[in-house]
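# Analysis of the macromolecular model
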Amino acid sequence: MLDHIVGGKQAWVGADIQNADWFFRLSAQCLLEIRAAVAKLRRDSLPTERLTPGQFDMRACCDLMRSVRAALDEGVRFAVVDRLPLDELSDDEGRALHWLLSSHIARPVAQKLDGTMIYDVHDTGKKATPGSGVRPDKTNMDQYFHNDNSYNETQPEYVGLLCVRPAKAGGISHVISFYTVHNELLRSHKQVLPRLYRPFWFDRQGEYLSGEPRVISGPLFRYDGKLRARLSLHTIEGGHVLMNEALDEEGAVAIEALKSVLTNTALSFPFAIERGQLQYVNNLELCHRRTGFEDHQEPQRKRLLVRVWLRDAGQMRYQG
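Here is a short report on the structure shown in this document. (Residues numbered from 1 in each chain as written. Predicted model: local features only at pLDDT ≥ 70, side-chain atom pairs only at ≥ 80, totals over all residues. Heavy atoms only, no water.)

If you tally the helices and strands in the chain, you get 8 helices and 16 strands. In summary, the chain has a C-alpha radius of gyration of 20 Å against a globular reference of 20 Å for 320 residues, a match within 12%. Along the first, second and third principal axes, the C-alpha set of the chain runs to 60 × 45 × 40 Å. Taking the intrachain contacts of the chain between residues at least 6 apart in sequence as the baseline, contacts between residues at least 24 apart amount to 81%. Here the chain has roughly 14000 Å² of accessible surface; of this, 50% comes from carbon and sulfur atoms. If the 41 positive side-chain charges of the chain are averaged to one point and the 41 negative ones to another, these points end up 2 Å apart. (Helix = DSSP H or I, 4+ residues; strand = E, 2+ residues; numbered from the N terminus. Rg over C-alpha atoms; globule rule 2.2 N^0.38 Å. Contact = heavy atoms within 4.5 Å. Areas by Shrake-Rupley, 256 points an atom, 1.4 Å probe, with all protein chains shown as cover. Lys, Arg positive; Asp, Glu negative; His and termini not counted. Charge placed at Lys NZ, Arg CZ, Asp CG, Glu CD.)

Spelled out as structure tokens, the structure:
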């Protein structure tokens, strides 16, 4: 267990954040390389998932994405890249560029058991309930702070989102560092921390093989020289429902203390992601949320983000 206050870039509060920490603009040279890559794709078409950075001359883009990776690993743990010229591109070309740029950060991996590698985040009109298999990212519901795929044994290390179309209203991103959360728990709720290092049940959201359990068990925090987290209160609630097992009193108290820290808006940083922008987070050291949103009525204008999960550890398959 991490038993001391952590300083440095990773333990920021909202007032600490400067534009240079997280906002990266595609240079004129990057845009030239992107347009040249699109021209090559139009001549020599390949499925997006067969594309690799080595097939294209994108040295300026590589340098930029190396800086993004440094922000994710050594800085504030999130970044926005501004922006792909989507008005010049087909939907498939936008996805391909998202894939290529993201591949400079880490290897794309499967996001579902069926091998889905590129995933659309949009409202389907369905409701996310325990055991339904409906992920909150397929709804317009207000999301609580979480990190992606916390209900899987091997989580993605990074998450990348391309904004194709923003919502009519809402859908604002908020991020908060797990180091900051842990620091606040140490200061104000030290007695609950040991319970957060012990297991909770997580609803696996329908992503498991025949004969496997519908839940997994894991702690919220682990520490091996770096603080890592597995946070999804939605799937913890669902996991205990599926197990027909009430959350123990010590666990409930610890969760309430955690929620009190997460609702302190001074600790988080909000921003809106715009059309063509790419958002990246360190998925193990930072948690994020999205506010509920109102969509346009016309199908072609509805909110759409395209997601990749990135991980160098383990295998490319969903279970890692």
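Note that the residue after Asp82, namely Arg83, is joined by a cis bond; omega there is -25°. Note that Arg83 resides in the loop between β2 (78-82) and α4 (91-103).

Turning next to the pattern of salt bridges. In a structure, side chains of opposite charge can pair up when their charged atoms sit close to one another. The final tally for this structure, using the stated rule, is 27 salt bridges. Where Glu93 meets Arg42, a salt bridge forms, and the shortest distance between an N and an O atom there is 2.7 Å. Here Glu93 is found in helix α4, whereas its partner Arg42 is found in helix α2 (residues 28-43), with 51 residues between them in sequence. Classification of Arg42 by relative accessible area gives exposed; the value is 53%. Notably, a salt bridge pairs Asp137 with Arg307, separated by 2.9 Å at the nearest N-O pair. You can see Asp137 sitting in the loop between β4 (119-121) and β5 (158-165) and its partner Arg307 sitting in strand β16 (residues 304-310), a full 170 residues away along the chain. (Salt bridge = Lys/Arg side-chain N within 4 Å of Asp/Glu carboxyl O. Buried < 20%, exposed > 50% of the residue type's maximum accessible area, 1.4 Å probe, protein only.)

Once that is clear, we can look at the environment of Gly131. Along the chain, Gly131 falls in the loop between β4 and β5. For Gly131, the residues in contact, after removing those within four places along its chain, are Asp203 and Leu242.

Read from one edge to the other, the open sheet built from 3 strands follows the order β12-β7-β14, with strand pairing classed as antiparallel. The sheet terminates laterally at β12 (269-271) and β14 (286-290), the two strands that pair on one side only. Between one strand axis and the next, the sheet turns by 20° as a mean value, whatever way the strands run. The pairing of strand β7 (residues 173-177) with β12 spans 3 bridges and is antiparallel. Bridge pairing links His174 to Pro270 in β12. Its contacts with the sheet place helix α5 (residues 178-188) against β7 and β14, and it is angled at close to 60° to β7. (Pairing = 2+ DSSP bridges. Axes fitted to C-alpha atoms, helices over the stretch in contact; angles between N-to-C directions.)

A separate point is the pairing of β2. When you tally the buried positions in β2, you get 5 out of 5 residues, the bulk of the element. The side-chain alternation of β2 yields two buried faces, one formed by Phe78, Val80 and Asp82 and the other by Ala79 and Val81. The pairing of strand β1 (residues 23-25) with β2 spans 3 bridges and is parallel. Within the sheet, the bridge partner assigned to Phe23 lies in β2 and is Val80.

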